[in-house]
Amino acid sequence: MRSIIIKQKEAGQRLDKFVEKYLSLAGKGFLYKMIRKKNITLNGRKCVGSEKLCEGDEICLYFSEDTIRKFSGEGEEKVLKRSENRPKAQKLDIIYEDRHIILINKPSGMLSQKAREDDISLVELVIADQIEKGELTEEDLRTFRPSVCNRLDRNTSGLITAGKSLAGLQFLSAMFRQRTLHKYYLCVVQGEIREKQRIDGYLKKDEKTNQVTVSDHEEADAARILTEYEPVACSGGYTLLKVLLLTGRTHQIRAHLAACGMPIVGDYKYGDADINETVRKRFRIQSQMLHSYELVFPDQAGIRDIAGGSEAFDGLAGRAFFAPVPAEFHRVFPELDFGKLEER
């Protein structure tokens, strides 16, 4: 028999889903049979599998250790192999961290999530960071894996959110789904923009090329997009825009602004090649000047509504978090005091 005590980061998931991950090589039919026969119990009682797990709950597996090892794929050599293949922890620019969530300033050039099996992304680095801090173990990874909740393009820098617990993942995912977490970006575009505007359009993605097109009229398979921007500063034929993302679609800001005649400088997919070459030589710009700058959380009532009445996330109510602006922005606007942008 083996006793498993549910940790804080695992709480909130269904019993059957937890057991499926813990005994990942066993079939679902077998596991449900074991639940019915009381070979799997919850807190010493018969269970059905749909129960939501709480921190401190005890699951008992009335199997032999050989059976548990067989269905879980346990073995020192496998654990060692996984550990050896894991990237070493790197210094992450952490803006905020608590028991449930972590906000990170992602540098340009880093993947948010893997595109290929051998990629190293922010997800793997968050896991390595948590293991190094002692907040996560190889054993924990059998039933829960920290993950990012919003994605940024590889060459977009700035704030990205990750869940350290299942509750944190569910909380952040709900906010992004309901669009109650306000996301502001800074970007540099060609031209001098003087007025604040809200623009709409329709975006269609080509899955094969991972490229999107934007039009001003409705089309089949196109999603409506809304983008709001206001100018912050103009200098030398370029404008620094603060952008509020009202809908979150692939490459939305980059493609939408380009379609409106305001390409982001340094954007080699949707931008202007001549402009990009000019800023590369003049300002040493190597990639698109788009930065996820600010996240604003809802008020306490909104927080509790999303968290199902829980007080676990009250400390985030009404708070704004900022990611320091990259050096490239300072080179284009050397006289601008970027620190004042945080004054709200």
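Before reading on, note that the structure itself is shown above.
Throughout, a residue's number is its position along its own chain's written sequence, starting from 1. The predicted origin of the model limits local features to residues at a pLDDT of at least 70 and limits the giving and counting of side-chain atom pairs to 80 or more, whereas totals for whole chains, interfaces and linings rest on all residues. Excluding hydrogens and water, the side-chain figures rest on all heavy atoms present in the structure.

Digging into the overall build of the protein
Cut-off, in case you're wondering: Only DSSP runs of H or I covering at least 4 residues are called helices, and only runs of E covering at least 2 are called strands; the numbering of each starts at the N terminus. Burial classes: relative accessible area under 20% of the type maximum marks a residue as buried, over 50% as exposed, and values in between as partly exposed (1.4 Å probe, protein chains only). We call two residues in contact when some of their heavy atoms are within 4.5 Å. Each accessible area is a Shrake-Rupley result for a 1.4 Å probe, and residues are judged covered by the shown protein chains and nothing else.
Across its full length, the protein holds 10 helices and 14 strands. Expressed along its principal axes, the backbone C-alpha trace of the protein runs to roughly 75 × 45 × 45 Å. For the protein, buried positions account for 48% of its 344 residues. Partitioning the contacts of the protein with sequence separation of at least 6, the portion at a separation of at least 24 is 66%. Entry remark: accessible area of the protein is about 17500 Å², with carbon and sulfur atoms responsible for 46%.

Quick word on the pattern of salt bridges
Note the threshold: Here, a salt bridge means any side-chain nitrogen of Lys or Arg that lies within 4 Å of a carboxyl oxygen of Asp or Glu.
This structure, assessed with the given rule, holds 24 salt bridges. Across the pair R69 and D66 runs a salt bridge, and its minimum N-O distance is 2.5 Å. Pair noted here: R69 and D66 are both in helix 3 (residues 65–72), with a separation of 3 residues, about one helical turn. One salt bridge in this structure joins K164 and E97, with 2.9 Å as the shortest N-O distance. Within this pair, whereas K164 is found in the loop between strand 7 (157–163) and helix 6 (166–178), its partner E97 is found in strand 4 (residues 94–97), the two being separated by 67 residues in sequence. Beyond isolated ion pairs, a larger network of salt bridges with shared partners links E97, D129, K133, E135 and K164.

Focus on the packing of helix 1 (residues 15–22) against helix 2 (residues 28–36)
Keep this limit in mind: Axis lines are fitted through C-alpha atoms, for helices just across the contact stretch, and the angle between N-to-C directions can take any value from 0 to 180 degrees. For classification purposes, an angle smaller than 35 degrees is called roughly parallel, one larger than 145 roughly antiparallel, one from 65 to 115 roughly perpendicular, and anything else oblique. By convention the crossing between two helices is left-handed if the near helix lies anticlockwise of the far one by an angle smaller than a right angle, and right-handed if it lies clockwise.
With their axes 11 Å apart at the nearest point, helix 1 and helix 2 run at an angle of 125 degrees to one another. The angle between helix 1 and helix 2 falls in the class oblique. As helix 1 packs across helix 2, the resulting crossing turns out to be right-handed. Across the interface between the two elements, D16, V19 and E20 of helix 1 pack against K28, L31 and Y32 of helix 2.

Considerations on the sheet that holds strand 2 (residues 40–42)
Backbone-to-backbone hydrogen bonds join strands into a sheet, with any given pair of strands oriented parallel or antiparallel. Selection rule: Pairing between two strands requires that DSSP report at least two bridges joining them.
Here 3 strands make up an open sheet; going across it, the order is 1-3-2 and the pairing antiparallel. A single partner strand is all that each edge strand has here, and the edge strands are strand 1 (2–5) and strand 2. Going from strand to strand, the sheet's axes swing by 20 degrees on average, the running direction of each strand aside. Across 3 bridges, the pairing between strand 2 and strand 3 (residues 58–61) is antiparallel. Paired with T41 across the two strands is C60, which belongs to strand 3.

Side note on the packing of aromatic side chains
Cut-off, in case you're wondering: Pairing of aromatic rings covers Phe, Tyr and the six-membered ring of Trp, with a centre-to-centre limit of 6.5 Å; geometry is then stacked below 30 degrees between planes, edge-to-face above 60, and tilted otherwise. Throughout this description, the term charge over a ring refers to an Arg CZ or Lys NZ atom that lies within 6 Å of the ring centre and within 35 degrees of the ring normal.
In the structure shown here, the tally under the stated rule is 8 aromatic pairs. When the ring of F18 is compared with that of Y22, the centres are 6.1 Å apart and the planes differ by 20 degrees; the resulting orientation is stacked. Placement of both F18 and Y22 in helix 1 is noted, with a separation of 4 residues, approximately one turn of the helix. Here the two residues F18 and Y22 agree in accessibility, since each one is buried. Relative to F321, the ring of Y96 lies with its centre 5.0 Å away and its plane at 45 degrees, an arrangement referred to as tilted. Here Y96, found in strand 4, pairs with F321, found in strand 14 (residues 320–322); they are 225 residues apart in sequence, far enough to count as distant. In this structure Y96 comes out as buried when scored by relative accessible area, which is 15%. Taken together, F30, F63 and F71 form an aromatic cluster joined through their ring pairs. Cation over ring: R142 sits above Y22, and NZ or CZ is 3.9 Å from the ring centre. One residue, K242, lies across the ring of Y184, its end atom 4.8 Å from the ring centre.

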